[in-house]
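# Commentary on secondary and tertiary structure
Here's the letter readout for the chains.
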Amino acid sequence: MSIELFNLTGKRALITGSSQGIGYALAKGLAAAGADVILNGREETRLKAAAETLGARHVLAFDAADHDAVRLAIDAFEEKIGTIDILVNNAGMQHRGPLEGFPVDAFENLMRTNVSTVFNVGQAVARHMIKRGTGKIINIASVQTALARPGIAPYTATKGAVANLTKGMATDWAKYGLQCNAIAPGYFDTPLNAALVADPAFSTWLEKRTPAGRWGKVEELVGACIFLASNASTFVNGHILYVDGGITASL
């Protein structure tokens, strides 16, 4: 197998929620593999700062939870700048609390941010990919796609939905030449997990629970993303790739 299968030169990749954390790390990794990356988020100032650090040429500020705004932004970019060959749906959030008292507005916000964004951006980008007969969509799921933990039942529900939406995308769009897959990270040291990283008791539990014995580093997600974004995965579709240090493999 030639290493050229993983070369993304000449491809353009949109990564949602990419001003920090996992999204930024994936944007940096795809750029290193040759892709022309498009950073996305709601705050243009933060995006521009991230783009300057990364050396990215494109910033596309929109709220991925706003269906109309997404459609307008994607259509305008495709018309004025060029094709989006790779989409990484990374935008997401967390809200912790006991299920019996979980606020309904927080539940609905989780659904909008973690699920509706995948639908909105996925649909808007796929419409253009379908016309071209090629495209890569990578959704960011979670270890909570397969496992639950106390205090995050609604988040777990959203990540289960992301996995099944990914399978639905593959089922509907594979015939048009698209590959739609998901990466399911385990526990990574990110801003989203800052409270857990700062909790010595949780970190001790995690190190014992995870066969690898540690938190993941965001850079360790890059290889999986490049694989799913490249010609190395042209017959991989509807797959959920767990990158979790073995936590879903062991009791």
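See the structure printed just above.
The shown structure was predicted, so the numbers you read here are calculated from the model rather than taken from an experiment. (Residues numbered from 1 in each chain as written. Predicted model: local features only at pLDDT ≥ 70, side-chain atom pairs only at ≥ 80, totals over all residues. Heavy atoms only, no water.)

### Some thoughts on the layout of surface pockets
Taken as a whole, the largest pocket encloses approximately 990 Å³ of empty space. Surrounding the largest pocket, 46 residues form its lining, N90, A91, G92, M93 and L192 being those nearest its centre. Put simply, the parts of the chain that give the lining of the largest pocket at least two residues each are α1 (21-32), β2 (36-41), α2 (44-54), α4 (104-132) and α5 (153-173). When residues of the lining of the largest pocket are assigned to their parent elements, the largest contribution, 5 residues, is made by α4. Of the pockets and cavities examined, the second largest pocket occupies roughly 200 Å³. Lining the second largest pocket are 16 residues, with K11, T134, K136, A229 and N231 positioned closest to its centre. (1 Å grid on protein atoms, 1.4 Å probe; cavity = no way out; pocket = protein on both sides within 12 Å on 5 of 7 lines; lining within 4 Å. Points joined across faces, edges and corners; volume = space filled by probe spheres on them. Helix = DSSP H or I, 4+ residues; strand = E, 2+ residues; numbered from the N terminus.)

### Here we look at the sheet that holds strand β6 (residues 178-185)
With respect to topology, 7 strands assemble into an open sheet ordered β3-β2-β1-β4-β5-β6-β7, the strand pairing being parallel. Two strands in the sheet have a free side with no partner beyond their single neighbour: β3 (58-61) and β7 (240-243). Each adjacent strand pair in this sheet contributes to an overall mean axis angle of 20°, direction not counted. Where α4 meets the sheet, its contacts fall on β1 (12-15), β4 (86-89), β5 (135-140) and β6, and the angle it forms with β4 comes to roughly 175°. (Pairing = 2+ DSSP bridges. Axes fitted to C-alpha atoms, helices over the stretch in contact; angles between N-to-C directions. Contact = heavy atoms within 4.5 Å.)

### Examining the nonpolar core
The biggest cluster of nonpolar side chains holds 33 residues, and the ones touching the most others in it are L26, L30, L39, V88, I138 and I183. Counting only elements with at least two residues in this core, the list comes to β1, α1, β2, α2, β4, β5 and α8 (222-229). Excluding residues within four positions of it along the chain, L30 makes contact with L8, A13, I15, A35, V37, V88, C225, I226 and A229. Grouped together as the second largest cluster of nonpolar side chains are 29 residues, I84, V118, A163 and I240 included. (Core = buried A, V, L, I, M, F, W, Y, C linked by side-chain atoms within 4.5 Å. Buried < 20%, exposed > 50% of the residue type's maximum accessible area, 1.4 Å probe, protein only.)

### Considerations on the pairing of β3
Side chains of β3 alternate between two faces, with H58 and L60 buried and V59 and A61 left unburied. Read from β2 through α2 to β3, the crossover connection turns out right-handed. (Right-handed = clockwise from strand over helix to strand, strands pointing away.)

### Focus on the environment of N109
Mapped onto the elements of the fold, N109 is located in helix α4. Spatially, the C-alpha atoms of N109 and S250 are 32 Å apart, while their sequence positions differ by 141 residues.

### Considering the packing of helix α3 (residues 67-80) against α4
Remark: α3 packs on α4, axes separated minimally by 8 Å, with the N-to-C direction vectors making an angle of 30°. On the basis of their axis angle, the class for α3 and α4 is roughly parallel. Two packed elements cross with a definite hand, and for α3 against α4 that hand is right-handed. Across the interface between the two elements, H67, V70, R71, I74, D75 and E78 from α3 touch F119, N120, V121, Q123, A124, V125, R127, H128 and R132 from α4. Split into classes, the residues belonging to the contact of α3 with α4 amount to 6 nonpolar, 4 polar and 5 charged. (Parallel < 35°, antiparallel > 145°, perpendicular 65-115°, else oblique. Left-handed = near helix turned anticlockwise from the far one by under 90°. Nonpolar A, V, L, I, M, F, W, Y, C, P; charged D, E, K, R; others polar.)

### Observations regarding α1
When the terminal C-alpha atoms of α1 are compared, their 17 Å separation across 12 residues agrees well with the 16 Å that a helix rising 1.5 Å per residue should span. Listing the buried residues of α1 in full gives I22, G23, Y24, A25, L26, A27, G29 and L30. Of the residues one or two after α1, G34 is the one with positive phi, at around 110°. (Expected span 1.5 Å × (residues − 1).)

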